[in-house]
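One letter stands for each residue in the lines below.
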Amino acid sequence: MIRNKILVCVAAVLILSSANFVFGQAVNATLLGTITDSTGASVANANVTATEAKTSTVHQSVSNASGNYTFPDLTPGTYTVTVEANGFKKDTHQNIALLVNTSTRVDVSLQLGSVSETVLVTTAPPVLQTDRADISTKIDAHQVANL
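Definitions and limits used
Residues numbered from 1 in each chain as written. Predicted model: local features only at pLDDT ≥ 70, side-chain atom pairs only at ≥ 80, totals over all residues. Heavy atoms only, no water. Helix = DSSP H or I, 4+ residues; strand = E, 2+ residues; numbered from the N terminus. Contact = heavy atoms within 4.5 Å. Pairing = 2+ DSSP bridges. Salt bridge = Lys/Arg side-chain N within 4 Å of Asp/Glu carboxyl O. Buried < 20%, exposed > 50% of the residue type's maximum accessible area, 1.4 Å probe, protein only.

## A word on the side chain of Ser61
And step 1. Mapping Ser61 onto the fold places it in strand β3 (residues 58-62).
And step 2. Those residues in contact with Ser61, other than ones at most four positions away along the chain, are Ala46, Asn47, Val48, Tyr69, Thr70 and Phe71.

## Examining the side chain of Thr30
And step 1. Within the secondary structure, Thr30 sits in strand β1 (residues 29-36).
And step 2. Excluding anything up to four places from it in sequence, Thr30 contacts Thr70, Phe71, Pro72, Asp73, Leu98, Thr102, Ser103 and Thr104.

## What about the pairing of β3?
And step 1. Direction of pairing for strand β2 (residues 47-52) relative to β3: antiparallel, over a ladder of 5 bridges. In the strand pairing of β3, Asn47 is matched with Val62.
And step 2. Remark: 5 residues form the turn of the hairpin made by β2 and β3, two consecutive strands paired antiparallel; Ser56 in that turn has positive phi of roughly 60°.

## Looking at the pattern of salt bridges
Any two side chains of opposite charge can pair, on the condition that their charged atoms come close.
And step 1. Inspection of every chain in the model, using the stated rule, returns 1 salt bridge.
And step 2. Linking Arg105 and Asp107 is a salt bridge whose minimum nitrogen-to-oxygen distance equals 2.9 Å.

## Looking at unusual backbone geometry
And step 1. Despite not being glycine, Asn45 shows a phi value in the positive range, around 60°.
And step 2. Tracing the chain through its elements places Asn45 in the loop between β1 and β2.
And step 3. Here Asn45 falls in the exposed class, since its relative accessible area comes to 60%.
And step 4. Located in the positive-phi region is Asn95, a residue other than glycine, with phi close to 60°.
And step 5. For Asn95, the position within the fold is in strand β6 (residues 90-98).

Structure representation (structure tokens):
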């Protein structure tokens with residue numbers, strides 16, 4: 001009888017202590033950035049759309065008064081980011097790679113013009129990550145095989 005109670009207590013402690021490991025796994029990515037005009041002033045209330053290339057899943061956001069936007073908890077993959085605001089040309093950035101447990105910054109500088117005009121950016125150099133203090137490197141299978 002006492003032995004059964006001890007076994008139940010030990011099992012409960014083991015289950016409760018392992019719960020932290022289950023919830024500690026990060027499997028999503030964050031996409032964020034700042035929207036400015038050609039003078040460097042922030043653009044508020046700009047419509048920002050992030051579209052995943054594989055599934056065509058669309059996520060929408062609006063920039064705040066400081067011109068900042070964020071898409072937390074996105075599925076890792078390749079995205080296209082489109083920004084539209086009244087009085088500015090539509091700006092599209094393609095091939096934005098989001099990796100697991102990373103924050104990717106896509107800052108957009110809008111140009112004056114009508115929304116029917118589009119600025120298309122197909123590739124961009126990687127930007128310095130200033131949103132997080134950790135550093136990581138992606139190693140592919142080919143590099144591991146060469147070790």
